[in-house]
Amino acid sequence: MLSGVYVSLEDLIGLSSATYTKHRRRKSRAVVAGERRSVLRGRGVDFDEVRLYQPGDDVRNIDWNVTARKRVPHTKVFTEERERPTLLMVDQTMSMFLGSRNRLKSVAAADIAARLAWRALNQRDRVGGLVVGIQGIETIKPFRSGTAVVKLLRAIADANVRLKYSENTNPDIQDKSKLWQRALTQLKHVSPAHHRIVAISDFIGMADDEITSLLTRGRHNDLQLVHVYDEIERTLPPSNMYAVTNGTMQIEFHSGRRKLRDEYTKRFGNRLDELRSKCLKHNVMFTSFSTDDDLEPINFGR
């Protein structure tokens, strides 16, 4: 598990060996994971049905058992599964620059993205993505190669190390809503249909319209939302007086007030439930990870 304030390209490339080992151990398991079966399962050929033989059918596909039983030639029909390019949408904006213990949310998001990128490549999918950073959005078209994955990971690492606050910070880069509007426009261009899309973010600062616009990408794609949060966002620190600043303003509060603690936890839970409910409504996979969670078991559709 990656830790700390920033990640490097070497850190993200280093996750490839662990992901490959994990993939080999799971290879014999069922292809369906998670809460629902996706209509875009990957490449290959699956048995569909047995029907009457028709001129032009491959004689090698004749089902001799059914033919003998019904005394009429029958053939097996197979359906070819569609190719499913994988697009990882990775949030590296200022709201992700938060962490209270092992690492920041931005580091956890990079960790998740790297593991999924290597896993997709191991499944022989094309891999690309969109990195939403404070200096804009970088789009990496999906290709089936380690070079493409490294290009995506380099974009993530570059965006990650740019995360910092100063008094000269341009206010526009703090406007996550504008960044996501641009990112969603680009996403529509690069994933018209039949893609596997994983959006990794805390989804803070996004308007309801932008969340809905993102979820509608699941109509013609296999979409999954991965929510990243830090424990400090769910539970206030131990009882004491604290000072919090955003670089320009500072407030003080006492975390020991029971009503404050309950309201704080409830607000986080309500927001999480709302996200989960919206995903369920649009038939989109949703999962949530804390910055303290072990990401070793992470996979698509889980």
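Residues numbered from 1 in each chain as written. Predicted model: local features only at pLDDT ≥ 70, side-chain atom pairs only at ≥ 80, totals over all residues. Heavy atoms only, no water.

Section: the nonpolar core
Within the largest apolar cluster, 40 residues are counted, with the highest numbers of intra-cluster contacts made by Leu12, Leu88, Ile112, Leu152, Leu153, Ile156 and Ile200. Among the secondary structure elements, those contributing two or more residues to this core are α1 (9-26), β3 (86-92), α3 (105-122), β4 (127-133), α4 (146-161), β6 (196-201) and β7 (222-229). Ranked by the residues each element gives to this core, the list is headed by α3, at 12 residues. Contact partners of Leu153, with chain neighbours within four places excluded, come to Leu9, Leu12, Ile13, Ala114 and Trp118. (Core = buried A, V, L, I, M, F, W, Y, C linked by side-chain atoms within 4.5 Å. Buried < 20%, exposed > 50% of the residue type's maximum accessible area, 1.4 Å probe, protein only. Helix = DSSP H or I, 4+ residues; strand = E, 2+ residues; numbered from the N terminus. Contact = heavy atoms within 4.5 Å.)

Here we look at α3
With 18 residues, α3 ought to run about 26 Å at 1.5 Å a step, and its terminal C-alpha atoms sit 26 Å apart, in line with that. Among the 18 residues that make up α3, 17 are buried, leaving the element largely enclosed by the rest of the structure. Positive backbone phi, approximately 65°, marks Arg124, located one or two places after α3. (Expected span 1.5 Å × (residues − 1).)

Topic: α4
Across its 16 residues, α4 extends 22 Å between first and last C-alpha, which sits within 8% of the 22 Å expected from 1.5 Å per residue. Within α4, burial applies to Ala148, Val149, Val150, Leu152, Leu153, Ala155, Ile156, Ala157, Ala159 and Asn160.

Considering a nonpolar patch on the surface
On the surface, a cluster of nonpolar side chains totalling about 240 Å² of accessible area is made up of Val5, Tyr6 and Val161. By the element assignment, Val5 lies in the segment before α1. (Patch = residues over 30% accessible without salt bridge, like charges linked within 9 Å, V, L, I, M, F, W, Y side chains within 5 Å. Areas by Shrake-Rupley, 256 points an atom, 1.4 Å probe, with all protein chains shown as cover. Salt bridge = Lys/Arg side-chain N within 4 Å of Asp/Glu carboxyl O.)

Regarding the pairing of strand β10 (residues 285-290)
Here β10 lies mainly inside the structure; five of its six residues are buried. In terms of strand pairing, β7 meets β10 through six bridges, oriented parallel. Across the sheet, residue Val226 finds its bridge partner in β10, namely Thr287. (Pairing = 2+ DSSP bridges.)

Digging into unusual backbone geometry
The residue Arg124 is not glycine, and still its phi comes out positive at about 65°. Non-glycine residue His194 carries a positive phi angle of around 60°.

Section: the confidence of the model for the protein chain
Here the protein chain averages 85 in pLDDT, and 84% of its residues register 70 or above. Contacts from residues 26-44, a stretch scored under 50 in pLDDT, to residues over four places away or in other chains number 43 contacts. (pLDDT = per-residue confidence, 0-100.)

Description of the sheet that holds β3
The six strands lie next to each other as β5-β4-β3-β6-β7-β10, forming an open sheet whose pairing is mixed. Single-partner strands in this sheet number two, and they are β5 (136-143) and β10. Neighbour to neighbour, the strand axes of the sheet diverge by 15° on average, direction disregarded. As paired strands, β6 and β7 are joined by six bridges and run parallel to one another. Residue pairing in the sheet places Ile200 in a bridge with Val226 of β7. (Axes fitted to C-alpha atoms, helices over the stretch in contact; angles between N-to-C directions.)

Concerning the environment of Asp208
Along the chain, Asp208 falls in helix α7 (residues 208-215). With a relative accessible area of 48%, Asp208 lands in the partly exposed category. C-alpha separation for the pair Asp208 and Lys278, spaced 70 residues apart in sequence, amounts to 10.0 Å. Discounting chain neighbours no more than four positions away, the residues touching Asp208 are Glu274 and Lys278.

What about the packing of α7 against helix α9 (residues 258-281)?
Two elements in contact, α7 and α9, have axes separated by 10 Å at closest approach and are oriented at 40°. Relative to α9, α7 is oriented oblique. Between α7 and α9 the crossing geometry is right-handed. Facing Asp208, Ile211 and Leu215 of α7, the residues of α9 in contact are Glu274, Leu275, Lys278 and Cys279. (Parallel < 35°, antiparallel > 145°, perpendicular 65-115°, else oblique. Left-handed = near helix turned anticlockwise from the far one by under 90°.)

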